[in-house]
Structures are given as structure tokens and as C-alpha cells.
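Fold and contact review
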Amino acid sequence: LAKTTQPISMDSYEGQEVNITCSHNNIATNDYITWYQQFPSQGPRFIIQGYKTKVTNEVASLFIPADRKSSTLSLPRVSLSDTAVYYCLVVSSGYSTLTFGKGTMLLVSP
Amino acid sequence: DTAVSQTPKYLVTQMGNDKSIKCEQNLGHDTMYWYKQDSKKFLKIMFSYNNKELIINETVPNRFSPKSPDKAHLNLHINSLELGDSAVYFCASSQDPTDFYGYTFGSGTRLTVV
């Protein structure tokens, strides 16, 4: 299972774009990159998933370069309510469970 | 309606007691999980059930016994509670064991052993 590395914490201000980069050097061919968000006192919530290039949904964008050894979660115009822990996960397309790392604590200030 | 609901939300108990946490999902999913989040915020898989059958059992003390009466319910019973069992326990569900696209987690049960 590919190990992921992401910053422990990030700070931002309301209205800014936030990019959180995750490295996963040992990602395998059948692995996908998945991001979850966790607010205090809540369970993690699925944000976005991708295999390569770019994926966008109503919440975020995910950029994955051709070598797939890293990925960047982009949150456009963050608000205070985006303060949370963001987890980058590498998930096999086979029979597997989610393995969470330490995540990135994003603090958005006014 | 809450998709994955756990009860109780908070549980404070003394060492040596036996306690249960209940989980129910109304999503029609086949697979359910128990995760433990410790004080350092690491989330780790404990158990996974698919259609009432145990499919994943990580290295968890046998004081922890999951039970799935039907595919919509997965309960966790803990015997002889220890201080180190204090953590937040999350229940989750997915369409099937290969559906990594979107786990749905409950809001957690904060267990404090004193």
C-alpha cells in the first residue's frame, strides 16, 4: 500500500485558494487517489477522487501529474467552514479498506 | 434522516466494564466498518463486515467483538474495558467491499474509560 505524505498543517484566509499537496511515490497502477475531509467531532467525509490528470466537482479540484507520484487538492475561495483536517489516501481498486494518515489540519481565518 | 447513525455519542465508563456501541445505516449498503481514532487522531480500521459476514479483522484484542444481526446494523461490544480503549469509534458503510469511492461515516462515539 502506497504511503502518503502531506503537510501537517496549513493556514489560510477567507476567500483564498488553498492547495494541499500529497506525495505518494510508491503508488501502484491500480491505485486511486482519494481525499476526505473531517470536521471536529464528525466522521470523515468523501471529497474527491481521481486516477490521473484533473478532476473537479462542486467542492474541490484534484490535480494529478502524469507520473502520479503526487496530487494536489485545490479548494477555491475557502471560507471559515472549510477549517478541517484533510486526508489524502491511496486506495487500491481491489478489495481493500481506507488507510488514513495524519492528514493536514487547515485553519481558515477571517 | 441520518445515513449512518451511532449510539451513544458519548460513553464514559470505568475500567473493567463491558459496553456496546450500536451502528445502523439506511443507505442499503452491503458493507460496514468500525474504525478507531486515537488521541493522536490516527484513524485505523478494526473490522469490516459484508452482508453480515466478517471479512476484515485487523489486529484488535479479542475483547472487541463485532456483531452484525443484519446488513444494516453493525454493533461493537467491548469487554473488560481498559484505559487505552479510550478513543473515538467511527462506524462506516460502503456499497460493497470494493467501493472505495465513497465511504459514509457516522459521527462517532467518544469512549472515555476512567
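In short, a report on the structure.

Cut-off values and rules
- Residues numbered from 1 in each chain as written.
- Chains lettered and ligands numbered in written order.
- Predicted model: local features only at pLDDT ≥ 70, side-chain atom pairs only at ≥ 80, totals over all residues.
- Heavy atoms only, no water.
- Contact = heavy atoms within 4.5 Å.
- Buried area = accessible area lost by both parts, 1.4 Å probe.
- Salt bridge = Lys/Arg side-chain N within 4 Å of Asp/Glu carboxyl O.
- Polar contact = N/O pair within 3.5 Å; in protein donor to acceptor, adjacent residues only side chain to side chain.
- Helix = DSSP H or I, 4+ residues; strand = E, 2+ residues; numbered from the N terminus.
- Nonpolar A, V, L, I, M, F, W, Y, C, P; charged D, E, K, R; others polar.
- Disulfide = S-S within 2.5 Å.
- Buried < 20%, exposed > 50% of the residue type's maximum accessible area, 1.4 Å probe, protein only.
- Phe/Tyr/Trp six-rings, centres within 6.5 Å; stacked < 30°, edge-to-face > 60°.

Another point: the interface of chain B and chain A. Contacts between the two partners involve 20 residues from chain B, matched on the other side by 21 residues from chain A. A buried area of about 1,800 Å², summed over both sides, lies between chain B and chain A, and 61% of it is on carbon and sulfur atoms. Applying the counting rule to chain B against chain A returns zero salt bridges. Linking chain B with chain A are five residue pairs in polar contact (both at pLDDT 80 or more). Counting residues per element, the ones that place at least two in the side of chain B that touches chain A are strand 4 (31-37), strand 5 (43-50) and strand 6 (53-57) of chain B. For the side of chain B that touches chain A, the leading source of residues is strand 4 of chain B, giving three residues. Classifying every residue of the side of chain B that touches chain A by side-chain character gives 13 nonpolar, five polar and two charged.

Further remarks concern the state of the cysteines. All names here are of chain B. Following the criterion strictly, the structure yields two disulfides over all chains and no others. A sulfur-sulfur separation of 1.9 Å characterises the disulfide bridge that pairs Cys23 with Cys91. In this structure the cystine formed by Cys23 and Cys91 twists about its S-S bond by roughly -80°; its chirality is therefore left-handed. Linking Cys23 in strand 3 (residues 19-25) with Cys91 in strand 9 (residues 87-94), this pair joins segments that are 68 residues apart in sequence. Per residue, the accessibility class of Cys23 equals that of Cys91, and both read buried.

In this description, an aromatic ring pair is defined by two values, namely the gap between the centres and the angle between the planes. Overall, the coordinates contain 12 aromatic pairs over all chains when judged by the stated rule. Aromatic pair Tyr36(A) and Phe100(A): ring centres 5.7 Å apart, planes at 70°, arrangement edge-to-face. Within this pair, whereas Tyr36(A) is found in strand 3 (residues 31-38), its partner Phe100(A) is found in the loop between strand 8 (84-92) and strand 9 (104-109), the two being separated by 64 residues in sequence. Overall, Phe100(A) belongs to the buried group, its relative accessible area being 6%. Three or more aromatic residues joined by ring pairs form one cluster here, namely Tyr36(A), Phe46(A), Tyr87(A), Phe100(A), Tyr33(B), Tyr35(B), Tyr103(B) and Phe105(B).

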